[in-house]
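# What the coordinates show
Given next are the chains, with one letter for each unit.
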Amino acid sequence: MFICSVRAATLKFFGAVALSLVVLIALFALLEPASVVAGGEVYTEAANYSGIKTEDDRVSFLSRYGWEVSGAPVSEKTFTMPESFDRVLIGYNELQKEQGLDLSKYKKKKVTRYTYEITNYADYEGKVYANLIIYKNKVISADICSADPDGFVHGLKKEK
């Protein structure tokens, strides 16, 4: 004869495990790729930051987010990412993390920043720039900013 007993603590444990699995599945279901509206249709497209080798690739990358630029970059600078981030870089990296990027992985790496002038920024009179920081053909940082000292800086997605 085989006897199996189950205590209340065991039931609570398996209940907690089951609840955790349900929560994880719900989180993965909510974390879909970003929706993009094109011609009235909504489709999903995952952000792809790699494969950026040429100027055409960079311009095409910006156009995927709806930005138009005026020709070649207005600035191109190669530099080494600092080993430790100051207060400004920590704040800037938070902006990057909101876009799925993280500069902290590239400390002490040699990177190149390309700056393009945006030509289709709505409701703003001053100059607006797009900055892309590239490491080994991959965008590791991207932002849209104004040239004014009291201006703005935000991620690649167009502000509503």
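In this text, all values refer to a predicted model and were calculated from it rather than measured experimentally.

## Focus on the sheet that holds strand β6 (residues 138–146)
- Pairing in this open sheet of 5 strands is antiparallel, and the strands run β3-β4-β5-β6-β7 from one edge to the other. Either end of the sheet is taken by a strand with one partner, and the two such strands are β3 (75–80) and β7 (153–154).
- Running over the sheet, helix α2 (residues 55–64) touches β4 (110–118), β5 (128–135) and β6 and is turned about 60° from β4.
- Set on the sheet, helix α3 (residues 87–98) makes contact with β6 and β7; between it and β6 the angle comes to about 110°.

## A word on the nonpolar core
- One finds Phe61, Leu62, Ile118, Leu132, Val139 and Ile144 to be the most contacted residues of the largest nonpolar core, which totals 19 residues.
- The element best represented in this core is β5, accounting for 4 residues.
- Discounting residues that sit within four places of it in the chain, Leu62 has contacts with Trp67, Val69, Tyr116, Ala130, Leu132 and Leu156.
- Counting residues in hydrophobic clusters, the runner-up holds 10 residues, among them Met81, Leu95, Tyr106 and Tyr135.

## As for the pattern of salt bridges
- The full count for this structure, using the stated rule, is 1 salt bridge.
- For Lys97, the salt bridge identified is with Glu94, shortest N-O distance 3.6 Å. Within this pair, Lys97 and its partner Glu94 are both found in helix α3, separated by 3 residues, close to a single helical turn.
- Relative accessible area serves as the criterion here: at 41%, Lys97 is assigned to the partly exposed category.

## Quick notes on the pairing of β6
- Among the 9 residues that make up β6, 8 are buried, leaving the element largely enclosed by the rest of the structure.
- Two successive antiparallel strands, β5 and β6, enclose a turn made up of 2 residues, where Lys136 displays a positive phi of approximately 50°.
- Of the strand pairs in this sheet, β6 and β7 are connected by 2 bridges, and their pairing is antiparallel. Bridged to Cys145 within β7 is Val153.

## Observations concerning α3
- Between its terminal C-alpha atoms α3 stretches 17 Å, which fits the 16 Å expected from 12 residues at 1.5 Å a residue.
- All buried positions along α3 are accounted for by Tyr92, Asn93, Leu95 and Gln96. Summarising the axial view, the buried residues of α3 lie within an arc of 150°, below the 170-degree limit, and thus occupy one face. Counted as exposed and oriented over 90 degrees from the buried face of α3: Arg87 and Glu98.
- Elements in contact with the buried residues of α3: β6 and β7.
- After α3 finishes, the residue Gly100 shows a positive phi value of roughly 90°.

## With respect to the side chain of Asp143
- Residue position: Asp143 is located in strand β6.
- Summary of buried charges: Asp143 has no salt-bridge partner, and the nearest side chain of opposite charge, Arg113, is 7.7 Å away.
- A polar contact of 2.5 Å, which involves the side chain of Asp143, links it to the side chain of Tyr92.
- Look past the residues within four positions of Asp143 in its chain and what remains in contact with it is Tyr92, Leu95, Gln96, Tyr129, Ala130, Asn131, Val153 and His154.

Rules of the game
Residues numbered from 1 in each chain as written. Predicted model: local features only at pLDDT ≥ 70, side-chain atom pairs only at ≥ 80, totals over all residues. Heavy atoms only, no water. Pairing = 2+ DSSP bridges. Helix = DSSP H or I, 4+ residues; strand = E, 2+ residues; numbered from the N terminus. Contact = heavy atoms within 4.5 Å. Axes fitted to C-alpha atoms, helices over the stretch in contact; angles between N-to-C directions. Core = buried A, V, L, I, M, F, W, Y, C linked by side-chain atoms within 4.5 Å. Buried < 20%, exposed > 50% of the residue type's maximum accessible area, 1.4 Å probe, protein only. Salt bridge = Lys/Arg side-chain N within 4 Å of Asp/Glu carboxyl O. Expected span 1.5 Å × (residues − 1). Arc of directions from axis to C-beta. Lys, Arg positive; Asp, Glu negative; His and termini not counted. Polar contact = N/O pair within 3.5 Å; in protein donor to acceptor, adjacent residues only side chain to side chain.

Spatial relationships are all this shows, so hold off on functional conclusions.
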